[in-house]
Amino acid sequence: MTALVTLRNVTKSYVRGKQKVEVLHGIDLTIEPGEFLALMGPSGSGKTTLLNLVAGLDQPTTGEVLVAGDRIDQLSRGSLSDWRARHIGFIFQFYNLLPVLTAEANVEVPLLLTNLSKSERRRRVQVALELVGLAERARHKPNELSGGQQQRVAIARAIVSDPTLLVCDEPTGDLDRQSAEEIMNLLTALNRSHKKTIVMVTHDPKAAEYASRELHLDKGLLTNDTRRAA
Amino acid sequence: MKMFRQIGAVTAMNFRSLPQRVSTSLVVVIGIAGVVAVLVSVLAMSTGLIRTMENTGRDDRAIVLRSGSMAETSSALDRNSAKLIVDGAGIKHDANGDPITSAETMRILSLHKKDDDSEINVILRGVGPRMLEVRPELKIVEGRMFEPAVTEVIVGKSAHSQFKGLNVGDVVHSRGANWTVVGVFETGGDSHESSLMTYAETLISIDQRGSFQSVTALLDSPSSFQAFKDSLSSNPALAVDVVREREYYQQQSKNMSTIISIIAYVVGGIMAVGAVFAALNTMYSAVSARLQEIATLRALGFGSAAMVASVLAEALILALIGGVIGALLAWMFFNGNTVSTSGGGMGQMVFELAVSPQLMILGVVWACVIGVLGGLFPAMRAARLPVAMALRAV
Ligand SMILES: Nc1ncnc2c1ncn2[C@@H]1O[C@H](COP(=O)(O)OP(=O)(O)OP(=O)(O)O)[C@@H](O)[C@H]1O
Ligand SMILES: [Mg+2]
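Since this is a predicted model, take the numbers as computed values, not measurements.

*Asks:* Is there a simple way to explain helix 2 (residues 77–87) of chain A in this structure?
*Replies:* For an α-helix, the turn length of 3.6 residues means that residues three or four places apart are oriented alike. The complete set of buried residues in helix 2 of chain A reads A:Leu80, A:Ser81, A:Trp83, A:Arg84 and A:His87. For helix 2 of chain A, the buried positions fall inside an angular range of 160° around the axis, keeping them on one side. Buried residues in helix 2 of chain A make contact with helix 1 (47–54), strand 4 (62–67), strand 5 (70–71), strand 6 (88–91) and strand 7 (165–169) of chain A together with helix 9 (291–299) of chain B.

Written out as structure tokens, the structure reads:
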């Protein structure tokens, strides 16, 4: 089976003042389609940086990043944003919903980048909201929803355009235990029943237990790679 | 198509968050409305002035001034010159064979305005005995004509309505004499209606400044002008300039309307710079307030062009609202208002402000330019936002 994500000898450096700081030191990584990967590690180890490279939000300093058959390290900024629209569904720690839009309008946002008709967009929004169990909250604004519900809206937004890969940066980081479990169950269901490939950064070992593979990052190096039997 | 939908979607989202930014957005709208209102109303002055001056003067009348003097006020013609001018070719003669001319002189009177009591300089024009033949458009609408050799004046219609103490029977103390107002005249809306008139000889005998300033001559026809001009310039005893009356007044108003336009653009320009900064400030804070949203949209795949366009669209729409309000305010409050001004060669003049549709469009165009300038840099900031970095900054 061909890998969905391949990183070859990827480094990432930031320039801080006059200093150049290397945050990722030669990462090699492959992720197969259908995997649910949890990326763990101490704060500042480079998890978000690595996730952003996989998601096409940022470019590596050196090395190759191949995702869904595209060398995204070679794409221009403009084509990279088109590429993200086609391939990546984002789930953020703080949900990042647009506060002025209702839940259904938030979910529709990625579809505005497609050529789908209005009725088709509406149908897909409906399906996505049903999948996360929030169909009856379609007309609510984010500030009328709990954190867990907002994150479920965000998940609906991430899957509505049927992306190749879901990336989540601490999706339960801002939630209580109960809501966190609901979110993890939802992600697991998306992975198992809908064959979504998921890359999730998390601090929370409990959340990581839901994943099929655990990857540890320490000071910019991959240290531990564990696969769990399904 | 997809591009337009992106821009439309992002702009619509921005507008829905506008209620949270009312006060800063209002600053832009009000600021731009102010700029446009001032610009349009000051320019309306020059438009109104030009309209009034276009009514003054006829093609078959010529005005003769001392050579090199641009305006009547700076001209002087002695009695001998005045006599020679009257013998020029092309002048219309009456039934008795006398040339129809008026040797004139002007003095400045200080009068008080009715509305705010401010002191304004007004022209008292001394005219020749044939003035009524030279200016057949002059009609006495109240009272009577002045008599020769007595200190009587007639007042123009707009001077009468603007200034205190100009009713028939009132006495104006000025230039060492008591001038009795005996009549009110109109001249079809031209600039003479802002002045007072008496006999030139009366005026000269009172202050002993024994000369005329201009001679106005009625010509046989507009085409006689060249002959008239040639006959005077070929006379070695005369050093005069001969101008068609209409051209003279247009020239005079051109200077003044240029000054007014310059004032309008300078004042409007300074205010516009202020408004650009207000717009910049507002749009920067609008963008800052939305950095997270912009970063999220960019992550989801929206292009930077959509961000630029949406910020610009918001700035432009705020500016447009301000511009339209400003233009309407100028129109409501100033269109048709009479104002008086002094300066140029004409002394005080009364005319109507004219807020024309062209002026209002000009004002709105200015507003749009201000909006675009104020939106451009914030828009570029939104576009250049490093997405990964902005997403971290919660
Ligand atoms: N734009 C940037 N400029 C400079 N340094 C940066 C930038 N972004 C991240 N870093 C640095 O890179 C290192 C890795 O950051 P990263 O956010 O990837 O860590 P993380 O593992 O996600 O941490 P956390 O668990 O706290 O989210 C940190 O030392 C951070 O300070
Ligand atoms: Mg992180």
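*Asks:* How should I be thinking about helix 3 (residues 79–86) of chain B in this particular structure?
*Replies:* Residues and elements named next belong to chain B. Among all positions in helix 3, only Ser81, Ala82 and Ile85 are buried. Take helix 3 and look down its axis: the buried residues cluster within an arc of 100°, on one side only. Facing away from the buried side of helix 3, by more than 90 degrees, are the exposed residues Asn80 and Lys83. On its buried face, helix 3 is in contact with strand 1 (61–66), strand 9 (214–218), helix 7 (225–233) and strand 10 (240–244).

*Asks:* Please clarify how the interface of chain A and chain B should be interpreted in this entry.
*Replies:* For an interface, size is often stated in terms of accessible area lost upon the parts coming together. With 28 residues of chain A at the contact, the number on the chain B side is 26 residues. Here chain A meets chain B over a buried area of about 2,300 Å², counting both sides, of which 61% is carbon and sulfur. Three residues stand out in chain A for area buried against chain B, namely A:Val100, A:Leu112 and A:Leu113, and they jointly supply 26% of the buried area on that side. Summed over the shared surface of chain A and chain B, the result is zero salt bridges.

*Asks:* Whenever I open this one, the pattern of salt bridges confuses me. Can you help?
*Replies:* A full pass over the atoms with the stated rule returns 32 salt bridges over all chains. The partner of A:Arg227 in a salt bridge is A:Glu35, with the nearest N and O atoms 2.6 Å apart. Of this pair, A:Arg227 sits in strand 10 (residues 221–227) while A:Glu35 is found in the loop between strand 2 (19–31) and strand 3 (36–40), placing the two residues 192 residues apart along the sequence. Across the salt bridge formed by A:Lys196 and A:Asp162, the nearest N and O atoms sit 2.6 Å from each other. Of this pair, A:Lys196 sits in the loop between helix 6 (177–193) and strand 8 (197–201) while A:Asp162 sits in the loop between helix 5 (147–159) and strand 7, and the two are 34 residues apart along the sequence. Judged by its relative accessible area of 9%, A:Lys196 is buried. By sharing partners, the salt bridges in this structure join B:Arg58, B:Asp60, B:Arg61, B:Glu137 and B:Glu245 into a single network.

*Asks:* For this particular structure, what's the right way to read unusual backbone geometry?
*Replies:* Residues and elements named next belong to chain A. Phi at Glu170 is positive, roughly 50°, even though this residue is not glycine. Its place among the elements puts Glu170 in the loop between strand 7 and helix 6. You will see that Lys219, though not glycine, has its phi angle at about 50°, which is positive. You can see Lys219 is positioned in the loop between strand 9 (213–218) and strand 10.

*Asks:* Teacher, can you tell me more about the sheet that holds strand 6 of chain A here?
*Replies:* In any sheet, the strands associate via hydrogen bonds between backbone groups, in a parallel or an antiparallel arrangement. All names here are of chain A. Judged by pairing direction, the sheet is mixed, and its six strands sit side by side in the order 6-7-8-3-9-10 without closing on themselves. Of all the strands in the sheet, the pair left with one neighbour each is strand 6 and strand 10. Going across the sheet, the axis of each strand differs from the next one's by a mean of 20°, ignoring polarity. One ladder, built from six bridges, connects strand 9 with strand 10; its direction is antiparallel. In the sheet register, Leu217 faces strand 10, and the bridge partner there is Leu222.

Calculation rules
Residues numbered from 1 in each chain as written. Chains lettered and ligands numbered in written order. Predicted model: local features only at pLDDT ≥ 70, side-chain atom pairs only at ≥ 80, totals over all residues. Heavy atoms only, no water. Buried < 20%, exposed > 50% of the residue type's maximum accessible area, 1.4 Å probe, protein only. Helix = DSSP H or I, 4+ residues; strand = E, 2+ residues; numbered from the N terminus. Arc of directions from axis to C-beta. Contact = heavy atoms within 4.5 Å. Buried area = accessible area lost by both parts, 1.4 Å probe. Salt bridge = Lys/Arg side-chain N within 4 Å of Asp/Glu carboxyl O. Pairing = 2+ DSSP bridges. Axes fitted to C-alpha atoms, helices over the stretch in contact; angles between N-to-C directions.

By themselves, these are just geometric observations and shouldn't be taken as functional.
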